[in-house]
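Analysis of the macromolecular model
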Amino acid sequence: MERPLELGNVTGVQEFVLLGLSTRLGIRIVLFAIFLALYLLTLLENTLIIYLICSHIELHKPMYFFLGNLSCLEMCYVSVTVPSLLVGLGSSPCHVPFAACMTQLFLFVALISTKCTLLASMAYDRYVAICRPLHYPLLMRPQVCLGLALSSWLGGLLVSVAKTSCIASLSYCGPNVLNHFFCDVSPLLNLSCTNVALTELVDFISAIVIFCGSLLVALASYVAIGRAVLHMPSAVTRCRALSTCASHLVVVGLFYGVVLFMYSRPRLIGSTDLNKVLSVIYTVVTPMCSPVIYCLRNREVQAVLHKALHSPRVSSATTHFAGS
């Protein structure tokens, strides 16, 4: 009797209701203004970084190639989650059609999986730069960098296809209320009225392969970097080596720390609003802080930014002088 129900593709729910962050009107207005400002700032920061990396040959290096990919990813990432957050704050609760919810889930899973593998690629880049500097031009040649970036994006898409297909094939008989501000995996599984064992297995395997695999690569890279730095002869050399990877280590620690806490804590905590608060950190705060931590505090990027800001003035002044 239960077999037809478990086949999926029969969905009683035509839309989901996202409760968002707050139900108080005054708080919603303040939060809307804050998150809209953060969203626009994130887009501006990452657009600036992509422009600087593409337009200045000084930044045509493997490290900045990966940073450009990460900036592009962060722009897509916030554009998938933050608009539904803003809509929920503007007109809570937010009604999302089933197809739109699955589309948002697909994009979110693809982008967060890509981010994990990109961070691992960046950690490997820093490992080669510090531990094997003589082989750096060979090991991080353009073909290798392009291959790592493409593998990250394609791997994220493949993982998302598997996870989203399983979740979309489940039956949702009601209720249809998600205590979240976007369509995430766990809230959707909690609403399903069919057996989710297979879907949870796919989710677990993909997490092991993508999340834990990329985390192990990053940890192994930084353990090797730490050992290499300790054996460096002078304090100046050690500081210079650490400065090239300290920003990446901060972002990796923040991102993986929050995600690990979210998906490894007891189930009782998952039923509270703490889940939404933590989601805000890795969907809104981290993408906004990453450009500042990675690039805008980097001396090479600062020099290029200074050059880009002042070159038009110099050019116009020279033209005016020549004309007079």
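Just so we're clear, the structure is a prediction, and the values are computed from it rather than from any experiment.

1. Comments concerning the overall build of the protein chain
Of regular secondary structure, the protein chain possesses 13 helices and 3 strands. Relative to its full complement of 324 residues, the protein chain shows a buried share of 43%. Restricting to contacts in the protein chain with at least 6 residues of sequence separation, those with at least 24 account for 81%. Accessible surface computed for the protein chain: about 16700 Å², of which carbon and sulfur atoms make up 71%.

2. Digging into the packing of aromatic side chains
Here the structure, examined in full by the defined rule, presents 11 aromatic pairs. Plain terms: the ring middles of Phe108 and Phe182 are 4.7 Å apart, the flat faces sit at 55 degrees to each other, and that makes the pair tilted. With Phe108 in helix 4 (residues 98-131) and Phe182 in the loop between strand 3 (177-178) and helix 7 (185-191), this residue pair connects regions lying 74 residues apart in the sequence. According to the relative accessible area criterion, Phe108 is buried, its value standing at 3%.

3. Points about the nonpolar core
Counting residues in hydrophobic clusters, the biggest one holds 72 residues, and the most contacted among them are Phe16, Tyr172, Leu188 and Tyr282. Those residues in contact with Phe16, other than ones at most four positions away along the chain, are Cys94, His95, Val96, Phe98, Cys101, Met102, Tyr172, Asn176, Leu178, Leu188 and Leu191. By size, the runner-up hydrophobic cluster in this structure holds 8 residues, among which are Ala123, Ile130, Met232 and Cys245.

4. Side note on the pairing of strand 1 (residues 15-18)
In terms of strand pairing, strand 1 meets strand 2 (residues 94-97) through 4 bridges, oriented antiparallel. When the sheet's bridge partners are listed, Glu15 is paired in strand 2 with Pro97. Judged from the 2 bridges that link them, strand 1 and strand 3 form a sheet pairing that is parallel. In the strand pairing of strand 3, Val17 is matched with Val177.

5. What about the packing of helix 6 (residues 142-168) against helix 8 (residues 197-230)?
Put simply, helix 6 and helix 8 touch, their axes get as near as 9 Å, and they point 165 degrees apart. One finds that helix 6 runs roughly antiparallel with respect to helix 8. Considering how the two elements wind past one another, helix 6 and helix 8 form a crossing that is left-handed. Across the interface between the two elements, Val159, Ala162, Lys163, Cys166 and Ile167 of helix 6 pack against Thr199, Val202, Asp203, Ser206 and Ile210 of helix 8.

6. Remarks on the sheet that holds strand 2
With respect to topology, 3 strands assemble into an open sheet ordered 2-1-3, the strand pairing being mixed. The open sheet is flanked by strand 2 and strand 3, the only strands paired with a single partner. Each of strand 1 and strand 2 touches helix 4; the most contacted strand, strand 2, lies at about 90 degrees to it.

7. What about empty space enclosed by the protein?
Per the counting criterion, the structure on display carries 1 cavity of 30 Å³ or more. The calculated volume of the largest cavity comes to roughly 50 Å³. Lining the largest cavity are 10 residues, and of these Leu70, Ser71, Ser290, Pro291 and Tyr294 lie nearest its centre. Mapped onto the lining of the largest cavity, the elements with two or more residues apiece are helix 2 (25-55), helix 3 (62-90) and helix 12 (274-296). Residues of the lining of the largest cavity, tallied by class, amount to 6 nonpolar, 3 polar and 1 charged.

8. With respect to the state of the cysteines
Counting across every chain of the model gives 2 disulfides. Disulfide pairing places Cys101 opposite Cys183 at an S-S distance of 2.0 Å. Looking along the S-S bond of the Cys101-Cys183 disulfide, the torsion reads about -125 degrees, which is the left-handed sense. Of the two residues, Cys101 sits in helix 4 while Cys183 sits in the loop between strand 3 and helix 7, which places them 82 residues apart along the sequence. The connectivity of the disulfide-linked cysteines in the protein chain, indexed sequentially, is 1-3, 2-4.

9. Quick word on the pattern of salt bridges
Opposite charge on two side chains permits pairing when their charged atoms draw close. Under the definition given, this model contains 4 salt bridges. Between Lys115 and Glu74 there is a salt bridge; the shortest N-O distance is 3.2 Å. Residue Lys115 is located in helix 4, and its partner Glu74 is located in helix 3; the two are separated by 41 residues in the primary sequence. Here the two residues Lys115 and Glu74 agree in accessibility, since each one is buried. The partner of Lys163 in a salt bridge is Asp203, and the shortest N-O contact between them spans 2.5 Å. Here the residue Lys163 occupies a position in helix 6, and Asp203 occupies one in helix 8, the gap between them amounting to 40 residues.

10. Regarding the environment of Val177
Within the fold, Val177 resides in strand 3. For Val177, the contacting residues outside a window of four places in its chain are Val17, Leu19 and Leu191.

Thresholds applied
- Residues numbered from 1 in each chain as written.
- Predicted model: local features only at pLDDT ≥ 70, side-chain atom pairs only at ≥ 80, totals over all residues.
- Heavy atoms only, no water.
- Helix = DSSP H or I, 4+ residues; strand = E, 2+ residues; numbered from the N terminus.
- Buried < 20%, exposed > 50% of the residue type's maximum accessible area, 1.4 Å probe, protein only.
- Contact = heavy atoms within 4.5 Å.
- Areas by Shrake-Rupley, 256 points an atom, 1.4 Å probe, with all protein chains shown as cover.
- Phe/Tyr/Trp six-rings, centres within 6.5 Å; stacked < 30°, edge-to-face > 60°.
- Core = buried A, V, L, I, M, F, W, Y, C linked by side-chain atoms within 4.5 Å.
- Pairing = 2+ DSSP bridges.
- Axes fitted to C-alpha atoms, helices over the stretch in contact; angles between N-to-C directions.
- Parallel < 35°, antiparallel > 145°, perpendicular 65-115°, else oblique.
- Left-handed = near helix turned anticlockwise from the far one by under 90°.
- 1 Å grid on protein atoms, 1.4 Å probe; cavity = no way out; pocket = protein on both sides within 12 Å on 5 of 7 lines; lining within 4 Å.
- Points joined across faces, edges and corners; volume = space filled by probe spheres on them.
- Nonpolar A, V, L, I, M, F, W, Y, C, P; charged D, E, K, R; others polar.
- Disulfide = S-S within 2.5 Å.
- Salt bridge = Lys/Arg side-chain N within 4 Å of Asp/Glu carboxyl O.

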